[in-house]
Amino acid sequence: MVRETQGYWDELKTGLVFNVSLLKVAVLSILRTAGEQGLKTFLPLYLAETLHFSPALVGFGIAVMTFSGSWVQPFIGLLSDRIGRKPVLFVSLLLSAFVAWGLTVASGILLPILFISLIGSLHLSLRSIIFAFAMDVTPPEIGASTIGFVFSANQFFSVLVPVMTGYLADIYGLSIAFFMFAILTMLAALWVPLMSVSRADTALNKAQQA
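Residues numbered from 1 in each chain as written. Predicted model: local features only at pLDDT ≥ 70, side-chain atom pairs only at ≥ 80, totals over all residues. Heavy atoms only, no water.

1. Some remarks on the pattern of salt bridges
When the charged atoms of two side chains with opposite charge come close together, those side chains can pair. What counts is decided by this rule: Each reported salt bridge corresponds to a side-chain nitrogen of Lys or Arg within 4 Å of a carboxyl oxygen of Asp or Glu. Numbered from the N terminus, helices here are DSSP runs of H or I no shorter than four residues, and strands are runs of E no shorter than two. Only protein chains enter the accessibility calculation, which uses a 1.4 Å probe; a residue whose area is less than 20% of its type maximum is buried, one above 50% is exposed, and one in between is partly exposed.
For the coordinates displayed, the defined rule picks out five salt bridges. Residues Glu36 and Arg127 are paired through a salt bridge, measuring 3.0 Å at the closest nitrogen-oxygen approach. Of this pair, Glu36 sits in helix α2 (residues 20-50) while Arg127 sits in helix α6 (residues 127-136), and the two are 91 residues apart along the sequence. Exposure remark for Glu36: the relative accessible area of 3% places this residue in the buried category. A salt bridge links Arg85 to Asp136, with the shortest nitrogen-to-oxygen separation between them at 2.8 Å. With a gap of 51 residues between them, Arg85 in helix α4 (residues 85-105) and Asp136 in helix α6 connect regions that are remote in the sequence.

Right under this line is the structure:
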């Protein structure tokens, strides 16, 4: 029992604490989640106060974003298994940044709802891929610890984003939330090519090595 416990802590130290590949995944996840926190906080206010959506339409818009992020996840996960995590993350994050900018100039009802749906599809669906990426670069024996580490890093470093965004929104208007989302998401996209993996990161690669 002592030997098994010591083995676990050794795996935790080498696979989690000193794992540079995992730390890179954590940085990506922090940037993505920070942008998402600001967006989710101020999107309802923007829809109501700037676009003059009724409460029912605001609720519908948030539901559309959530639904879009949900139904796309199995397909984007399958795509990442086939062509790799990094290409899917890079393209989705890059497109998310431009869509967020487009939302600041959209008017009416249909166009903002379309942009909100795209943000859900492109951005909210990436959480599962990032967690899969984290699992790819760590030993399977510490899988739960890996997810806990990445998730905690997300929440800890993004907790101040709504406060900062709210302060800037008081000065520059609610649309600043989308510019902050776009900047953070663009930084996340530019970070993706710098990420490295220490183990095969796609089912396709594993199949080719078999």
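2. Quick word on the nonpolar core
In plain terms, the rule: Nonpolar core, defined: a set of buried Ala, Val, Leu, Ile, Met, Phe, Trp, Tyr and Cys residues in which side-chain atoms within 4.5 Å join the residues together. Should any heavy atoms of two residues lie within 4.5 Å, those residues are counted as being in contact.
Within the largest apolar cluster, 29 residues are counted, with the highest numbers of intra-cluster contacts made by Leu43, Leu47, Met65, Leu103 and Ile119. Looking at this core, the elements with two or more residues in it are α2, α3 (55-83), α4, α5 (110-122) and α9 (176-191). The greatest single-element share of this core, amounting to six residues, is contributed by α9. Discounting chain neighbours no more than four positions away, the residues touching Leu47 are His52, Phe53, Val58 and Ile116. Within the second largest apolar cluster, 24 residues are counted, among which are Val25, Val88, Phe131 and Val161.

3. Side note on a nonpolar patch on the surface
Our working definition: Patch membership requires over 30% relative accessible area and the absence of a salt bridge. Like charges are linked within 9 Å, and nonpolar side chains (Val, Leu, Ile, Met, Phe, Trp, Tyr) within 5 Å. Using a 1.4 Å probe, accessible areas were evaluated by the Shrake-Rupley method; residue-level cover was limited to the displayed protein chains.
The grouping of Val159, Leu160, Val163 and Met164 at the surface amounts to a nonpolar patch, some 400 Å² of accessible area in total. When you line up the elements, Leu160 lands in the loop between α7 (143-158) and α8 (161-172). According to the relative accessible area criterion, Leu160 is exposed, its value standing at 54%.

4. Topic: unusual backbone geometry
In the Ramachandran plot, His52 falls in the positive-phi region, its phi being about 60° despite a non-glycine side chain. Here His52 shows up in the loop between α2 and α3.

5. Quick notes on the side chain of Thr165
Residue placement: Thr165 occurs in helix α8. For Thr165, a relative accessible area of 1% gives the class buried. When neighbours within four sequence positions are excluded, Thr165 is seen to be in contact with Gly38, Phe42, Ile176, Ala177 and Met180.

6. Re the packing of α2 against α7
Our working definition: The axes used here are C-alpha line fits, helices contributing only the stretch in contact, and every angle between their N-to-C directions lies in the interval 0 to 180 degrees. Any angle between 65 and 115 degrees counts as roughly perpendicular, while under 35 counts as roughly parallel, over 145 as roughly antiparallel, and the rest as oblique. The sense of a crossing depends on the near helix, which, turned anticlockwise from the far helix by less than a right angle, makes the crossing left-handed and, turned clockwise, makes it right-handed. Polar here means any residue outside two lists: the nonpolar Ala, Val, Leu, Ile, Met, Phe, Trp, Tyr, Cys and Pro, and the charged Asp, Glu, Lys and Arg; Gly therefore counts as polar.
Where α2 meets α7, the closest approach of the two axes is 8 Å, and the angle between their N-to-C directions is 45°. What the angle tells us is that α2 and α7 run oblique. Between α2 and α7 lies a crossing whose hand is right-handed. Across the interface between the two elements, Leu22, Leu23, Ala26, Ser29, Ile30, Thr33, Ala34 and Gln37 of α2 pack against Thr146, Phe149, Val150, Ala153, Asn154, Gln155, Phe157 and Ser158 of α7. Residue classes in the contact of α2 with α7 are distributed as nine nonpolar, seven polar and no charged.

7. So, α8
Stated formally: To estimate the expected span of a helix, count its residues, drop one, and scale the result by 1.5 Å. Within this analysis, the arc is defined by the directions that extend from the helix axis to the C-beta atoms.
In this model α8 runs 16 Å from its N-terminal to its C-terminal C-alpha over 12 residues, within 8% of the 16 Å that 1.5 Å per residue would give. Among the residues making up α8, those that are buried are Val161, Pro162, Thr165, Gly166 and Ala169. The buried side chains of α8 occupy one side of the element, clustering within an arc of 125° when seen end-on. Pointing more than 90 degrees away from the buried face of α8 are the exposed residues Val163, Tyr167 and Asp170. Gly173 sits one or two residues past α8 and shows a positive phi near 105°.

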